[in-house]
Amino acid sequence: MTDKKLPSHAQVVVVGGGIAGCSVAYHLTKLGWSDVVLLEQGSLSGGTTWHAAGLVGQLRNHENLTRLIEYSTRLYAGLEEDTGQATGWKACGSLSVARTPERMTVLKRVAAKARAYGVEAEVVSAKEAGARWPVMETGDLVGGVWLPGDGKANPTDLTQAMAKGARARGARIFEKTRVTGVELAKGMVKKINTGRGGIECEYVVNAAGQWARQFGRLAGVNVPLYSCEHFYIVTGEIDGVQGDLPCLRDPDGYIYFKEEVGGLVMGGFEPDAKPWKMNPIPDDFEFTLLEDDWDQFEILMENALIRVPALETADVKQFINGPESFTSDGNFILGEAPGVKNYFVCAGFNSMGIASAGGAGMAVAEWMAEGAPTSDLWPVDIRRFAPFHGNDAWLETRIKETLGLHYVMPWPNKELETGRPLRCSPLYERLKDKRACFGSKMGWERPLWYAREGQPLAMDYSFGRQNWFENAAREHRATREGVAFFDQTSFGKLLVQGRDAEAELQRICANNVAAAPGTCVYTGLLNARGGYESDLTVTRLDEERFMLVTGSAEVIRDRDWITRNLNEGAHVTVSDITNSLAVFGVMGPKSRELLSKLTPDDLSSDAFPFAASKEISLGHAQVRASRMTYVGELGWELYVPVEFAAGVYDALVEAGDDPGLVHAGYYAMESLRLEKAYRAWGHELSPDDTPFEAGLSFAVDFGKGGFIGREALLKLKGKPRTRRVVMFVLDDPEPVLWGGELILRDGKPVGDLKSAGYGHTLGAAVGLGYVANEGGVGRAFIESGTYEIDIAGELVPAKAHLRTPYDPKLERVKA
C-alpha cells in the first residue's frame, strides 16, 4: 500500500524503502516525530533487502555496535506484537567453526569478548558442534563457538512490519516516487524534488542502499560505497536438516549456511570479490538479479562440499546473484553529513543490513532527535571518510578486498592491501629506501617499523610475536635511550583564525587555550554529556591564529564538530592545513643534542620549556618546533612546510650519525605511549568517556567559564566513579596483548582492554582498559583485587596500576 497525494512539506523525508529506511521511519515515529515521509523509487524492499539471506549475528568488535544488533534482535522478536505483521524471526542461535588452531584462537577471543559485552557464548569442541549441526562434516574441525542469542528473519517481512508500524504512528509512504534533486540553503537541507513534485523539509535521510552514493552527490554529500556481486544458493530438502537448525559460519571456507524449508541457504564472502561495474546503477533495478556466475562462486561451493557433503546430491533450486553495497573499511555509514546540516545517512551495510538495520535506524532517529549521537558510533560515523574516499576508481579497487573481510583471518594489525599507496608523505621514497614497512591510515602511507638489511619487507601475521617485534623493540629502546626519528606527517592539522577565534575555542575546548602565543595546550573537545568528541593539542600562533593538531583519522570529524559549534556570526574560519605541513618527531634524551647541530636557536629548558612552540631555523629552512611528546621522552615535533621537508630530513639524517639517530615507526610509538599510559582517542577516549573516568581531569579548566560539557561534568564532580582507566602489566614476560582482551578481577569480568602492546622497557605486555564496578572503582577497590587477562581462553595474571610503573623521572621529559 502507498499513500497517494505527495505533501508540499514534511519535517523529515526518508529516501529509500529498504529495511534501513523503514527502520529510520519506524523509530522516528516512535520518538513522536509523526511528520515523516518515506519515498521509494520502486517498491518497498525491492532494491537489496528482498534478496538478503537474513542472518542476524550479534557480536561485533566494538561494544556499541554489538549493542545495536542486540537491540535489533529484541526489536525483531517483538515487531509482530507491535504491528501485527509476521517477521519470520527465529532465535535459532549460531555456530562458528574453526578448521585451524589460529582460527580457534580467533573464536576463543570472540568468546572472551562476548563475556566482556555480556553476550552469551560458549566455546565448543568439534564433536559438540557436530551434535548441534548433524549434517556437518567435523573431521577437519578444531572446535567452534556457540552463540544462542543469534537468529534469522525474513528481510521483506521485517521491512513491511516496520513500514506498517511507521504508518500507524503517522508516517506517509510513497512508492514509485523517484527523487530527482536536493535543494540546500545556507548549508542546510531545504527541499526534495521528485518526479511527482517537491517537498520542503527540515531533514533528509539518505537510506538509498546501493544508490546512496549517487543520490548523495545530488547534495554534494560523499557516501563512499560500491556494489559487489554477492552470491548464495537455495537447495531443496536435505535429510537431517530440521527447522530449528542454527545458522552456521565456516569462515576458513568463507561460507555460511542457514535452514530454509528443510533445505539450506549457502553463501559466503570470497576473498577476491567481483565489483558490479555499473555506474550509475539503473533506477529501475528492482526485484532484479544478475546473471549466475558459477566461476566466481566456485571457491564457496568447493568449501561448502567439504563442510556439508550432502550438497553434492542436493537439488539447487535457485542461484542468487544480488548486488549489495560495501564500504572501504567494512563498516556501514551512519550520521549527519559533514558540511550539510540535517542531512543524515544510513547506508552501506556490507551485507549486514538485516542484522544491523534495527539498531542503526534507532541510532539515526535518536541522533536526529537529540542533535547528537546518544552513544559512541565512531566505527560507523560518516565523518571517518574524507572526499578522496568517494573516488569511484579507488572504491572499485578497494571493494574487491573489503567484501572478504567478513571471513578473512582477522590477524592483529591486519593491513588492507588494495588501493595503495594513496596519500604519501614527502619522505615516502626516502623512507622506503630506509626499509620502512608501511601501513595505511586515512589513506596515508605511514612507517610501522623498519626492516634490517636482508629481512623481508612484509608483515608475517600471527597472534604471537610477529616478525617486526624485535625491530620495534630496537626503535623503542632508541627512543628511550638515544634519539629516534618519526614521520608524523599524517597528523591532522586545523588552522582556526579570526578575531573571535579565542572566544570560540574557549567555549569548545575543555582546557584553557587563552594562553600566550607560542604555547601548546592539551585539551579535550567534549560533548554535552561530558564525553570526548576528540582530544588534541592547541598551539597559539598569535593573537588570532591557533593550530590544532589531531589524530590522522579525526580531521574531518574535528573540523565538522568545531564548525557546527561555532556561534552564528562569529568572525572565525576553520581550515584543514594537513597537506601543507610535514611533521617530524625527533624524540629521545639525545634529541636536543641532534637538533642543536642544525639550529642557532637556544633549545635549553630555560629558553625552550615543555609545551613551548617557536619558529626556528633548522638547516636551510624555517620550521615550527613544539616541545611536545607522545612517547614520554624529551623531544620536539617539527612542523615543516612540505616544500622544505626533504631538505630538513636530509639534514637531520646527516647530523644524526654522531648521536646515533634511529628511524622509528608507529608500532614503537604505540608501545612507548602505552608504557606511559597516555590515552588515545578511539581507544581509551570516546564520546561515552568523561575526563574523570579517563583520568584526565587535569586537562579541564572549570574556572575559565562556560564550555561544552561543563554542566555535565559539574554534576559528576566529586561523585564516586563506577568506571575508570587502569593500566595492566602482565606478570609473565612472554605473552603479547593486542587489545580487546577480557579483564577479570577475582575471577569476574570487569571490562576489556581498549589498547595494548608490548612494553619493551617494562619487559612485559601492557594494556589500558576500563574497569567497571557499580559499587565504585576507588583506589582501594582497584588495589585490593587479583587480576587476570583472558588471552584466547588462557588466564594470565597481571598487575593493575593507577599510574604507570615506568617513570623516566619527568625531568627527562621536561629537562
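The rules behind these values
- Residues numbered from 1 in each chain as written.
- Predicted model: local features only at pLDDT ≥ 70, side-chain atom pairs only at ≥ 80, totals over all residues.
- Heavy atoms only, no water.
- Helix = DSSP H or I, 4+ residues; strand = E, 2+ residues; numbered from the N terminus.
- Rg over C-alpha atoms; globule rule 2.2 N^0.38 Å.
- Contact = heavy atoms within 4.5 Å.
- Areas by Shrake-Rupley, 256 points an atom, 1.4 Å probe, with all protein chains shown as cover.
- Lys, Arg positive; Asp, Glu negative; His and termini not counted.
- Charge placed at Lys NZ, Arg CZ, Asp CG, Glu CD.
- Salt bridge = Lys/Arg side-chain N within 4 Å of Asp/Glu carboxyl O.
- Buried < 20%, exposed > 50% of the residue type's maximum accessible area, 1.4 Å probe, protein only.
- Axes fitted to C-alpha atoms, helices over the stretch in contact; angles between N-to-C directions.
- Parallel < 35°, antiparallel > 145°, perpendicular 65-115°, else oblique.
- Nonpolar A, V, L, I, M, F, W, Y, C, P; charged D, E, K, R; others polar.
- Pairing = 2+ DSSP bridges.
- Core = buried A, V, L, I, M, F, W, Y, C linked by side-chain atoms within 4.5 Å.
- Phe/Tyr/Trp six-rings, centres within 6.5 Å; stacked < 30°, edge-to-face > 60°.
- Lys NZ or Arg CZ within 6 Å of the ring centre and 35° of its normal.
- Polar contact = N/O pair within 3.5 Å; in protein donor to acceptor, adjacent residues only side chain to side chain.
- Right-handed = clockwise from strand over helix to strand, strands pointing away.
- Arc of directions from axis to C-beta.
- Expected span 1.5 Å × (residues − 1).

A. Spotlight on the overall build of the protein. Within the protein, the regular secondary structure consists of 20 helices and 40 strands. Taken over the C-alpha trace, the protein has a radius of gyration of 27 Å; the compact-globule value for 815 residues is 28 Å, and the two agree within 12%. Counting only C-alpha atoms and orienting by the principal axes, one finds that the protein spans roughly 80 × 65 × 55 Å. Of all intrachain contacts in the protein linking residues separated by at least 6 positions in sequence, the fraction that spans at least 24 positions is 73%. Counting every atom, the protein has about 30300 Å² of accessible surface; 48% of that belongs to carbon and sulfur. Taking the 88 positively charged and 108 negatively charged side chains of the protein as two groups, their mean positions are separated by 5 Å.

B. Examining the pattern of salt bridges more closely. Scanning all chains against the criterion turns up 49 salt bridges. The partner of Glu-70 in a salt bridge is Arg-67, with the nearest N and O atoms 2.7 Å apart. In this pair, Glu-70 and Arg-67 both sit in helix α2 (residues 63–83), three residues apart, roughly one turn of the helix. With a relative accessible area of 29%, Arg-67 lands in the partly exposed category.

C. Broad picture of the packing of α2 against helix α8 (residues 353–370). Close contact between α2 and α8 brings their axes to 7 Å; oriented N to C, the two are set at 100°. On the basis of their axis angle, the class for α2 and α8 is roughly perpendicular. Facing Leu-68, Ile-69, Tyr-71, Ser-72, Leu-75 and Tyr-76 of α2, the residues of α8 in contact are Ile-354, Ala-355, Ser-356, Ala-357, Gly-358, Gly-359, Met-362 and Ala-363. Among the residues making up the contact of α2 with α8, the classes are represented as ten nonpolar, four polar and no charged.

D. Broad picture of the sheet that holds strand β29 (residues 573–576). Here five strands make up an open sheet; going across it, the order is β26-β27-β28-β25-β29 and the pairing antiparallel. Each edge of the open sheet carries a strand with a single partner, namely β26 (519–526) and β29. Geometrically, the sheet is characterised by an average inter-axis angle of 25° between neighbouring strands, direction not taken into account. The pairing of strand β27 (residues 532–540) with strand β28 (residues 545–550) spans four bridges and is classified as antiparallel. Counted as the bridge partner of Arg-540 is Phe-546 from β28. Contacts from helix α12 (residues 501–508) reach β25 (492–497), β26, β27 and β28 within the one sheet, and its direction differs from that of β28 by about 35°.

E. Seen up close, the nonpolar core. Of all hydrophobic cores here, the largest spans 51 residues; its most connected members are Val-12, Tyr-76, Leu-334 and Met-368. When residues of this core are assigned to their parent elements, the largest contribution, ten residues, is made by α8. Beyond its immediate chain neighbours, meaning those up to four positions away, Val-12 contacts Leu-28, Trp-33, Asp-35, Val-36, Val-37, Tyr-203, Val-205 and Met-368.

F. A look at the pairing of strand β11 (residues 197–206). Bridge count for strand β1 (residues 9–15) against β11 is six bridges, and the pairing is parallel. The residue bridging Val-15 from the neighbouring strand is Asn-206, located in β11. Across four bridges, the pairing between strand β10 (residues 188–194) and β11 is antiparallel. Note that in β11 the partner of Asn-193 across the bridge is Gly-198. Hairpin connection between β10 and β11: a loop of two residues separates the two successive antiparallel strands.

G. Focus on the packing of aromatic side chains. Applying the stated criterion to the full structure yields 29 aromatic pairs. Aromatic pair Phe-231 and Phe-297: ring centres 6.4 Å apart, planes at 65°, arrangement edge-to-face. You can see Phe-231 sitting in strand β13 (residues 231–235) and its partner Phe-297 sitting in helix α7 (residues 294–307), a full 66 residues away along the chain. Judged by relative accessible area, which is 0%, Phe-297 ranks as buried. By the ring-pair criterion, three or more aromatic residues cluster together here, those being Trp-33, Tyr-203, Phe-344 and Trp-367. The lysine or arginine in question, Arg-465, covers the ring of Tyr-758, its NZ or CZ lying 5.1 Å from the ring centre. Over the aromatic face of Tyr-770 sits the side chain of Arg-723, whose NZ or CZ is 3.9 Å from the ring centroid.

H. Spotlight on the side chain of Glu-504. Here Glu-504 is to be found in helix α12. At 2.6 Å, the side chain of Glu-504 and the side chain of Arg-507 are in polar contact. When sequence neighbours within four positions are dropped, the list of residues in contact with Glu-504 reads Asn-565, Leu-566, Asn-567, Ala-570 and Val-572.

I. Structural detail: the environment of Gly-585. Inspection of the secondary structure puts Gly-585 in strand β30 (residues 581–587). For the pair Gly-585 and Gln-488, spaced 97 residues apart in the sequence, the C-alpha separation amounts to 6.5 Å.

J. Local environment of the pairing of β1. Counting buried residues along β1, five of its seven residues qualify, which places the element largely inside the surrounding structure. Pairing between β1 and strand β2 (residues 36–39): four bridges, direction parallel. Across the sheet, Val-14 pairs through a bridge with Leu-38, a residue of β2. Read from β1 through helix α1 (residues 19–30) to β2, the crossover connection turns out right-handed.

K. Summary view of helix α9 (residues 392–402). Within the sequence span of α9, burial applies to Asp-392, Trp-394, Leu-395, Arg-398, Ile-399, Glu-401 and Thr-402. Seen end-on, α9 carries its buried residues on one side only, within an arc spanning 165°. Buried-residue contacts for α9 involve α6 (212–216), β12 (225–229), β17 (274–275) and β19 (324–327). For α9, the N-terminal cap is Asn-391; the gap from its side-chain oxygen to the backbone nitrogen of Ala-393 is 3.0 Å.

L. Summary view of the sheet that holds strand β34 (residues 662–663). Ordered in space as β31-β32-β33-β30-β24-β34, the six strands form an open sheet in which the pairing is mixed. Whereas interior strands pair on both sides, the edge strands pair on one side only; in this sheet they are β31 (613–618) and β34. Where strand β24 (residues 484–487) lies against β30, four bridges are found, and the strand directions are antiparallel. When the bridges of β30 are listed, Phe-486 appears paired with Gly-585.

M. Local environment of helix α15 (residues 642–655). Its 14 residues give α15 an end-to-end C-alpha distance of 20 Å, which sits within 8% of 20 Å, the value for a rise of 1.5 Å per residue. Listing the buried residues of α15 in full gives Ala-645, Val-648, Tyr-649, Ala-651, Leu-652 and Ala-655. Burial along α15 is one-sided: seen end-on, the buried residues are contained in an arc of 165°. Among the exposed residues of α15, those oriented more than 90 degrees off its buried face are Glu-643 and Glu-654.

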